[in-house]
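# Examining the three-dimensional arrangement
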Amino acid sequence: MKLRNLLAGAAIALPLMLGSAHAQSTDPLKTLIVAVPSDAVGLEPGANKAEPIGSEVILNVFDTLVAWTAPDFTQLEGRLVDSWTVSPDGTEFDFKLREGIKFHDGTDFNAEAVKFSLERTKAINTYVEATFGLISEITAVSPTEVKIKLSEPYPAFLSILAQPQAAIVSPAAVEQFGDEGFATNPVGTGPFKFASYQADTNIVLDANPDYFRGAPTLERIIYRVIPDASTRRLELENGGVDVVQQQGQLSAIAAEDVAALEANPDVTIIEAPSQIIRQLEFNNNNPDSPVADIKVREAIVHAIDYDGLLQGVFGGTAERVYGPLTTNSWAFNPKMEELAPTYDPEMARSLLAEAGVDPSSLDLTLYSFQGPLWGAVATFVQANLADIGINATIAQTEFPAYRALQTAGQFDVALDGRQPWYNDPDAHITIGYLSSLADTAMTFRMPEDAELDALILEAQQTVDQEERKQLYFDIQEKIAAKVPGAYLFSPKLIVFTRANVNGLVINTAPPLNEYWGVSKE
Amino acid sequence: MASFLLRRLLALIPVLILVLVIVFSLVRLIPGDPAVTLLGPGATDAQIAALRAQMRLDEPFYLQFVNYLLGLLQGDMGISLKSGAPVLQEILLRLPATLELAICATLVAILVGIPIGVLSGTRPNSIFDHFTRVFSLVGVSMPAFLLALILQLIFATYLGWLPVSGRLSPYIIMQPITGFVILDGIITGQWDIVWSAIRYLVLPTAVLAAFLAATLGRFVRNTMLEVMSEDFIRTARAKGLTRAQVVLEHGLRNSLLPAITVVGLKFAEMLGGAILTETIFAWPGIGRFMFEAIKNRDYPVIQGTTLVFSLLFMLTSVLVDLLYGVLDPRVRKRMK
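Residues numbered from 1 in each chain as written. Chains lettered and ligands numbered in written order. Predicted model: local features only at pLDDT ≥ 70, side-chain atom pairs only at ≥ 80, totals over all residues.

The condition is simple: UniProt positions are given in the numbering used here, feature names are shortened, and annotations may be inferred rather than shown by experiment.
An unreviewed UniProt entry annotates chain B as Peptide/nickel transport system permease protein originating from Devosia crocina. Listed in UniProt under the heading Sequence similarities (unreviewed entry), the comment for chain B reads: "Belongs to the binding-protein-dependent transport system permease family." In UniProt, chain B has this text filed under Subcellular location (unreviewed entry): "Cell membrane".

Under an unreviewed UniProt entry, the name given to chain A is Peptide/nickel transport system substrate-binding protein, and the source organism is Devosia crocina. Under the heading Subcellular location (unreviewed entry), UniProt records this for chain A: "Periplasm". UniProt lists a comment for chain A under the heading Sequence similarities (unreviewed entry), and it reads "Belongs to the bacterial solute-binding protein 5 family."

### Brief notes about the overall build of chain A
Stated formally: We count a stretch as a helix when DSSP gives it H or I for four or more residues in a row; a strand needs E for two or more, and each element gets its number in order from the N terminus. Radius of gyration means the value over C-alpha atoms here, while the globule rule gives 2.2 Å times the residue count to the 0.38 power. Partly exposed residues are those whose C-beta has more than 12 but fewer than 20 other C-beta atoms within 10 Å; with 20 or more the residue is buried, with 12 or fewer it is exposed, and the C-beta atoms are placed from the backbone. Note on contacts: each residue gets a C-beta atom placed from the backbone, and two residues are in contact if those atoms are within 7 Å.
The helix and strand tally for chain A stands at 17 helices and 23 strands. Compactness check: chain A gives a C-alpha radius of gyration of 25 Å against a globular reference of 24 Å for 521 residues, within 12% of the reference. Reported as C-alpha extents along the three principal axes, the dimensions of chain A are approximately 80 × 55 × 50 Å. A burial count over chain A gives 48% of its 521 residues as buried. Within chain A, contacts between residues separated by at least 24 positions form 69% of all contacts whose residues are at least 6 apart in sequence.

### With respect to the nonpolar core
The test is simple: We define a nonpolar core as a collection of buried residues of the types Ala, Val, Leu, Ile, Met, Phe, Trp, Tyr and Cys that are connected via C-beta atoms lying within 7 Å of each other. Where each domain starts and ends comes from a domain assignment, either automatic or drawn from a database.
Core analysis: the largest hydrophobic core is formed by 140 residues, its most contacted members being V34 and I221 of chain A together with L216 of chain B. Counting contributing residues, this core receives three or more from each of domain 1 (17-270 + 494-520) and domain 2 (277-491) of chain A. Excluding anything up to four places from it in sequence, I221 of chain A contacts L32, V34, N60, F192, L205 and Y515 of chain A.

### Some points on the domain arrangement of chain A
Residues and elements named next belong to chain A. Where we set the bar: Charged residues are taken to be Asp, Glu, Lys and Arg, nonpolar residues to be Ala, Val, Leu, Ile, Met, Phe, Trp, Tyr, Cys and Pro, and polar residues to be all remaining types, Gly included.
What the domain assignment lists for chain A is domain 1 (17-270 + 494-520) and domain 2 (277-491). Computed over C-alpha atoms, the centres of domain 1 and domain 2 are 32 Å apart. Taken together, the contacts link 27 residues of domain 1 with 21 residues of domain 2. Contributing elements (two or more residues each) for the side of domain 1 that touches domain 2: α5 (157-161) and α8 (255-262). Here the residues of the side of domain 1 that touches domain 2 are counted per class, giving 18 nonpolar, seven polar and two charged.

### Focus: the pairing of strand β15 (residues 363-368) of chain A
Sheet faces and side chains relate simply in a regular strand, where the side chains alternate between the two faces. All names here are of chain A. What counts, and what does not: Paired strands, in this sense, are two strands between which DSSP finds at least two bridges. Crossover handedness is defined by viewing with both strands directed away from the observer: a clockwise path from the first strand over the helix to the second marks the crossover as right-handed.
Here β15 pairs with strand β16 (residues 391-396) via six bridges, running parallel. Note on β16: the bridge partner recorded for Y367 is A395. Regarding the hand of the β-α-β motif, the stretch spanning β15, helix α13 (residues 372-387) and β16 is right-handed. Here β15 runs beside strand β17 (residues 413-418); their pairing, made up of two bridges, is parallel. In the sheet register, Y367 faces β17, and the bridge partner there is A414.

### Details of the interface of chain A and chain B
Listed per partner, the contact involves 53 residues of chain A and 55 residues of chain B. Counting residues per element, the ones that place at least two in the side of chain A that touches chain B are α1 (2-20), β1 (31-36), α4 (129-132), β9 (202-207), β10 (220-225), α7 (229-238) and α14 (399-407) of chain A. Taken together, the residues that form the side of chain A that touches chain B break down as 26 nonpolar, 15 polar and 12 charged.

### Concerning the sheet that holds β17 of chain A
All names here are of chain A. The mixed open sheet is built from six strands, whose spatial order is β14-β18-β13-β17-β15-β16. Two strands lie at the open edges of the sheet, namely β14 (318-319) and β16, each paired on one side alone. Relative to strand β18 (residues 485-491), strand β13 (residues 277-282) runs antiparallel, the two sharing four bridges. Following the sheet pairing, E281 is matched in β18 by G485.

### Examining the packing of helix α16 (residues 450-461) of chain A against helix α17 (residues 465-481) of chain A
All names here are of chain A. The criterion, for reference: To get an axis, a line is fitted to the C-alpha atoms, and for a helix only the part in contact is used. The angle between two axes follows their N-to-C directions and goes from 0 to 180 degrees. For classification purposes, angles smaller than 35 degrees are called roughly parallel, those larger than 145 roughly antiparallel, those between 65 and 115 roughly perpendicular, and all remaining angles oblique. Helix crossings are classified by the rotation of the near helix relative to the far one: an anticlockwise turn of less than a right angle makes the crossing left-handed, while a clockwise turn makes it right-handed.
Between α16 and α17, the shortest axis-to-axis distance is 9 Å and the interhelical angle comes to 150°. For the element pair α16 / α17, the angle class is roughly antiparallel. Seen from above, α16 lies across α17 with left-handed handedness. Mapping the contact onto sequence places L452, L455, I456, E458 and A459 in α16 and R468, L471, Y472, D474, I475 and K478 in α17. For the contact of α16 with α17, the residue count by class is seven nonpolar, no polar and four charged.

### Focus on the UniProt feature "transmembrane region" (unreviewed entry) in chain B
Residues and elements named next belong to chain B. UniProt records the feature "transmembrane region" (unreviewed entry) for residues 9-30, 91-114, 134-159, 171-191, 197-220 and 306-327 in the present numbering. A distance of 33 Å separates the end C-alpha atoms of residues 91-114, which is 100% helix and 0% strand. Between the C-alpha atoms that bound residues 171-191 there is a distance of 15 Å. The span itself is 38% helix and 0% strand.

### Comments concerning the environment of N384 of chain A
Residues and elements named next belong to chain A. In this structure, N384 sits in helix α13. You can call N384 buried: it has 24 C-beta atoms within 10 Å. As for N384 and D305, which are separated by 79 residues in sequence, their C-alpha atoms are 7.0 Å apart. Sequence-distant contacts of N384, that is, excluding residues within four places in its chain, are made with A303, I304 and D305.

### Points about the confidence of the model for chain B
Residues and elements named next belong to chain B. Put simply, the rule is: The predictor rates its confidence in each residue with pLDDT, a number between 0 and 100.
The predicted model of chain B averages 87 in pLDDT, with 99% of residues at 70 or higher. When pLDDT is averaged over each helix and strand of chain B, the minimum, 75, is found for helix α15 (residues 329-335) and the maximum, 93, for helix α7 (residues 144-158). Interface confidence for the predicted complex, expressed as ipTM, amounts to 0.86; the pTM equals 0.87.

### Here's the deal with unusual backbone geometry
With phi around 55°, D200 of chain A is a residue other than glycine that occupies positive phi space. With respect to the element layout, D200 of chain A can be found in the loop between β8 (192-198) and β9. Although it is not a glycine, N125 of chain B sits at a positive phi angle of roughly 65°.

### Section: the sheet that holds strand β5 (residues 92-97) of chain A
All names here are of chain A. Read across the open sheet, the four strands follow the order β4-β5-β7-β6; overall the sheet is antiparallel. The sheet is open, and its two edges are formed by β4 (81-86) and β6 (135-142), each paired on a single side. For this sheet the average axis-to-axis angle between neighbouring strands, irrespective of direction, equals 15°. The pairing of β4 with β5 spans five bridges and is classified as antiparallel. In the sheet register, W84 faces β5, and the bridge partner there is F95. Along the sheet face, helix α3 (residues 111-124) touches β5, β6 and β7 (145-150) and points at about 165° away from the line of β6.

What follows is the structure in structure tokens.
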């Protein structure tokens, strides 16, 4: 049945395509070629599951209501909205929309489109159920005014509205193509229009000359699928691609590659701090574990040579993390820099002695993700532990199995990490340390603690930003005092470009590039 | 001949069913499920459960299998868990790239391997024979990724003659007609596309062909040596035939028979086994597609590609048997 349809379709389409199959080439100086490791999983907000490639395409084809302002990403700015107000109880958001904006299909952007898009994502995108589920009502007050009501206060909601899932789609296009067809014909208001897609080959975006912030300098963006890392590097060196992104994934950055490319005058390396945290996690919810004793945990966090790790393994492509938040978070408590453990093996040994623990009796399995860089980190930590007499065996475990093991609490020490996609302390704190969520994801598995749990929930819901910040300051200190893990490092976001590419701004959360202001010389 | 063909084709069905049962169970035995893999380390249980339900992975095993079989009978191989597109369509989109590469590589290997085999087989222990022995050894033992990297460095980076990877200049955006880029270029008369496509085809073809040409060269050399010492060759020489007639008409024709089996099986292997070459050269073929699917635990795609590979492999071996019949009258007689 399906086969027959396909053949029939091909028979009809073939003569049509023969008439129209013109290859189009463009000026290389107006075309930006971006290397990506695989096809995008989806190109539209209704299906987006925070997968990097599709998400970046969405942020260039669509606009969100608000976005974080470059270069430090601590302030929100209006994109499709002129201004907004939040009710004192934090449950009502009123947006005043920009006027005169049109979708790529020529239809008008208005309050109905906002209501349609957000309700559509809420209905069909299960991935964002926890946050979009808070929306109780969206009202198009007038063509240029939208009111969104939440069932409970959630100040990070504006951050959620800056996410790819909250991008505004053309209702007319969704009606024309259907939900499934829209995925291959995405229509938004963004600086680039979706032009074509070829399986495992490329995704092509063409400039939107009528973009409301001004037409982009580039005429075309081509995402080229190049699965092999060494091929990507050769292509970059030969000028076959203009941009290679590492998307902040540990496995993708090899320190020796960075060093080699630094010496190449044709290649520019852009580094930006990320909000990713990688840590050695203790199982904080198992009273029988050897790390149940806080003295043992303190000994281990003092045994690790943090600066040596940053220099030795990462060659400066990662930064120090002092606590549960990175230094570039707006809620980072500067006091954490003093409170953070120092590398002091002598102190570590005496802490073990105080605890009455013979280090040679500790035989730990150090679990880790796969990949050479995780392996290098694990080996480094293993050597540090050996230095204070603790024997650790490294077990690099394949991801799905690793998750099962971690969420079941079958470990004492494990390497783990979190890459937040929305720019809010909530993205690290709530999921990582709220005891009721301990078993539901890869977390620190914190035991029940009425005071800390209440504080985390209060911070999540407090509307006033200054008040919120103080609550998170307090939370960071309280968490650090419990020594839930050793905060190892935060890898920088690294993007390699050809030297003639200008104007690229790297976002930190989500870690995705926007190409509106990019040009080539 | 017709009844032989029918018998051989019918015999494929139980094999295919067996392959299906094995693959269907095996992919579900690999630890980890597609929902977990697709969502990555940051996901919560609730997000994973929602995706599992959406993918209908929460249904019991036997129900999934029955539904899959019922779909197959209607030509429906299911929906890719990653892209949401029909698996058959996804495979057909990528098959031409793999076929194009496999056919070119096989042709090159035949054009290089057989003459080498004939020449060294008729001049055993000559300098040429020693030289080709080394060439063959290198060709057979060098891993594809290493050869690929060396060729990329020499011909793309240092000499700049050929592109590093891809199938067509990235600046040329072309919607496929047949999916065979060179053929599409010829159909539409766009010679710049044909030229670009050929340039991109050279390196991956060389990597794939090297192994086959080396194997084939050694193989033909040895059979040639054997055949050339047979009685009928002596008779042919005694009849006063020229050296070329003896070698090509009597020697080669008889030593080609076993070589066809080698070529056929290697060609079939290339259809499914060019994963490394396709990955390194960013070649959008079916081997790489399957590899990605295994990484992502995309069950329907793994099942679909395995089924297609098995089918192609078995059809190729039927074809080889038929070719035998064409070339060897003794076999033709037995087929009847």
